[in-house]
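Residue strings, one per chain:
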Amino acid sequence: MSEVIASTPAAELAAPRARRGFSPAVALAFAIALAVVVCAIFGAWIAPHDPTAQDLLTGLQPPGGDHTLGTDDLGRDILSRTIVGARTALIGPLIIAIGAMLIGNVLGLVAGYRGGLTDSIISRAVDFVYAMPALLVAIVVVGVLGGGYYLAVGLLVILFSPVDTRIVRGATLDQRSRPYVEAARVLGLSSGRIMFRHIWPNVLPLALANAFLTFAFSLVSLSALSFLGLGVGPGAADWGRMLSDSREFLFDNAAAALAPGVALVAMAASVNVIGDWIFEWLSDRGRAR
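Note that this is a predicted model, so its numbers are computed, not measured.

A. Representation of the overall build of the protein chain. When its secondary structure is counted, the protein chain shows twelve helices and zero strands. In sequence order, the secondary structure elements of the protein chain are arranged as α-α-α-α-α-α-α-α-α-α-α-α. Dimensions of the protein chain along its principal axes, counting C-alpha atoms only, are 80 × 60 × 30 Å. The buried share among the 289 residues of the protein chain stands at 42%. Of the accessible surface of the protein chain, which amounts to about 14900 Å², a share of 68% is contributed by carbon and sulfur atoms.

Rendered as structure tokens:
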């Protein structure tokens, strides 16, 4: 009897999911992401020192003593600033990923399901925005308008949404001719109900996986803008800004640049790994169902 059960299609589909499980790489990615989230929420209480407090008498110091990662040229504790800097590293990219996903999902579903003129109008507008280099446009617009972290966030929401739109549109085109959609039409369900209650759950794995990728790109893009002085204001505890401020004393205290740099790379890579794992997990559940 056990041999018969093991040979059923559901068991064959569930087996790869069971074998994949929680690999060490995925577990490490979740641990890093969780640590960043904790620092973003409770950073002010976790940080051993005030991240904005200056000590000109101490000045630039290498790691050691009361400062695990040393201090910058103004005597500010590097470890504390790295911990508190997780807040801007999380909030901005999270807003961009969610905003781009919502815009892209709505436009992609409507374009893919409606087709015809609606699809043409949405696709041409999306192609126009997609053709523009997002980071370069952000540098120009934010630079002309005087900078600002949330201005950059709002701009990147628009510039990153075409990717979500194209992905969801392609998946919707594949789904709209399937029997369950035809059955929903025969039952007289509205187009909105078919799109958002029936088609959208089936394209959700792709949308979520791309949202994690968008988060990683947004993290790097916002840090690049801060590095150029177009993101957060001077003196703010931000990983990109810290990289920019620490260039001049790289050989005096390398940890001042390595700490935010490693945090950026680790967070971006972890989000990518988590996104891939969630996509595979949701896809396996859909096939087994």
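B. Up close: helix α10 (residues 191–227). End to end, α10 covers just 46 Å across 37 residues, shorter than the expected 54 Å (1.5 Å per residue, more than 12% under). At Trp200, α10 shows its largest bend, some 60°, and a proline, Pro201, comes one to four positions later. Positive backbone phi, at 85°, marks Gly229, one or two positions downstream of α10.

C. Seen up close, a nonpolar patch on the surface. Where nonpolar side chains cluster on the molecular surface, the patch consists of Leu34, Val38, Ile41, Phe42, Trp45 and Ile46 and spans about 630 Å² of accessible area. Relative to the helices and strands, Val38 resides in helix α3 (residues 24–46).

D. Molecular detail of the confidence of the model for the protein chain. Averaged over all residues, the pLDDT of the protein chain is 84; the fraction at 70 or higher stands at 90%. When mean pLDDT is compared element by element in the protein chain, helix α5 (residues 86–114) scores highest at 93, while helix α1 (residues 2–6) scores lowest at 39. Below pLDDT 50 for its whole length, residues 1–19 participates in eleven contacts with residues either more than four positions away or in separate chains.

E. View of the packing of aromatic side chains. Taken as a whole and assessed by the stated rule, the structure comprises three aromatic pairs. Plain terms: the ring middles of Tyr149 and Tyr150 are 5.1 Å apart, the flat faces sit at 90° to each other, and that makes the pair edge-to-face. Overall, the relative accessible area of 10% leaves Tyr149 in the buried class. When the ring of Trp277 is compared with that of Trp281, the centres are 6.0 Å apart and the planes differ by 5°; the resulting orientation is stacked. Here the residue Trp277 and the residue Trp281 both occupy positions in helix α12 (residues 255–288), the gap between them amounting to four residues, near one helical turn. Among the aromatic residues, ring-to-ring pairing joins Phe30, Trp277 and Trp281 into one connected group.

F. View of the side chain of Asp164. Tracing the backbone shows Asp164 in helix α8 (residues 149–175). The buried charged residue Asp164 lacks any salt bridge partner; its closest oppositely charged side chain belongs to Arg166, at an N-O distance of 10 Å. In contact with Asp164, not counting residues within four places along its chain, are Ala100, Met101, Gly104, Asn210 and Thr214.

G. Local environment of the packing of helix α7 (residues 134–145) against α8. In contact at an axis separation of 10 Å, α7 and α8 are set at 145° when each is read in the N-to-C sense. Here α7 and α8 pass one another in a crossing that is right-handed. Each of Ala134, Val137, Ala138, Val141, Val142 and Leu145 in α7 lies in contact with α8, whose residues at this interface are Leu151, Ala152, Leu155, Leu156, Leu159 and Phe160. Tallied by class, the residues present in the contact of α7 with α8 amount to twelve nonpolar, no polar and no charged.

H. Region of the structure containing the pattern of salt bridges. Taken as a whole, this structure holds six salt bridges when the rule is applied. When the shortest N-O distance is used, the salt bridge between Arg76 and Asp72 registers 2.8 Å. Considered together, Arg76 and Asp72 belong to a single accessibility category, that of buried residues. A salt bridge links Asp127 to Arg124; the shortest N-O distance between them is 2.9 Å. Note that Asp127 and Arg124 are positioned in helix α6 (residues 116–130) at a spacing of three residues, about one turn of the helix. Overall, the relative accessible area of 27% leaves Asp127 in the partly exposed class. Residue Arg124 is classed as exposed on the basis of its relative accessible area, which comes to 51%.

I. Quick look at the side chain of Gln175. Note that Gln175 resides in helix α8. The class of Gln175 is buried, set by a relative accessible area of 8%. If sequence neighbours within four positions are ignored, Gln175 has contacts with Tyr180, Val181, Ile199, Asn202 and Val203.

Parameters and conventions
- Residues numbered from 1 in each chain as written.
- Predicted model: local features only at pLDDT ≥ 70, side-chain atom pairs only at ≥ 80, totals over all residues.
- Heavy atoms only, no water.
- Helix = DSSP H or I, 4+ residues; strand = E, 2+ residues; numbered from the N terminus.
- Buried < 20%, exposed > 50% of the residue type's maximum accessible area, 1.4 Å probe, protein only.
- Areas by Shrake-Rupley, 256 points an atom, 1.4 Å probe, with all protein chains shown as cover.
- Expected span 1.5 Å × (residues − 1).
- Bend = angle between axes of the 7 residues up to and from the residue.
- Patch = residues over 30% accessible without salt bridge, like charges linked within 9 Å, V, L, I, M, F, W, Y side chains within 5 Å.
- Salt bridge = Lys/Arg side-chain N within 4 Å of Asp/Glu carboxyl O.
- pLDDT = per-residue confidence, 0-100.
- Contact = heavy atoms within 4.5 Å.
- Phe/Tyr/Trp six-rings, centres within 6.5 Å; stacked < 30°, edge-to-face > 60°.
- Lys, Arg positive; Asp, Glu negative; His and termini not counted.
- Axes fitted to C-alpha atoms, helices over the stretch in contact; angles between N-to-C directions.
- Left-handed = near helix turned anticlockwise from the far one by under 90°.
- Nonpolar A, V, L, I, M, F, W, Y, C, P; charged D, E, K, R; others polar.

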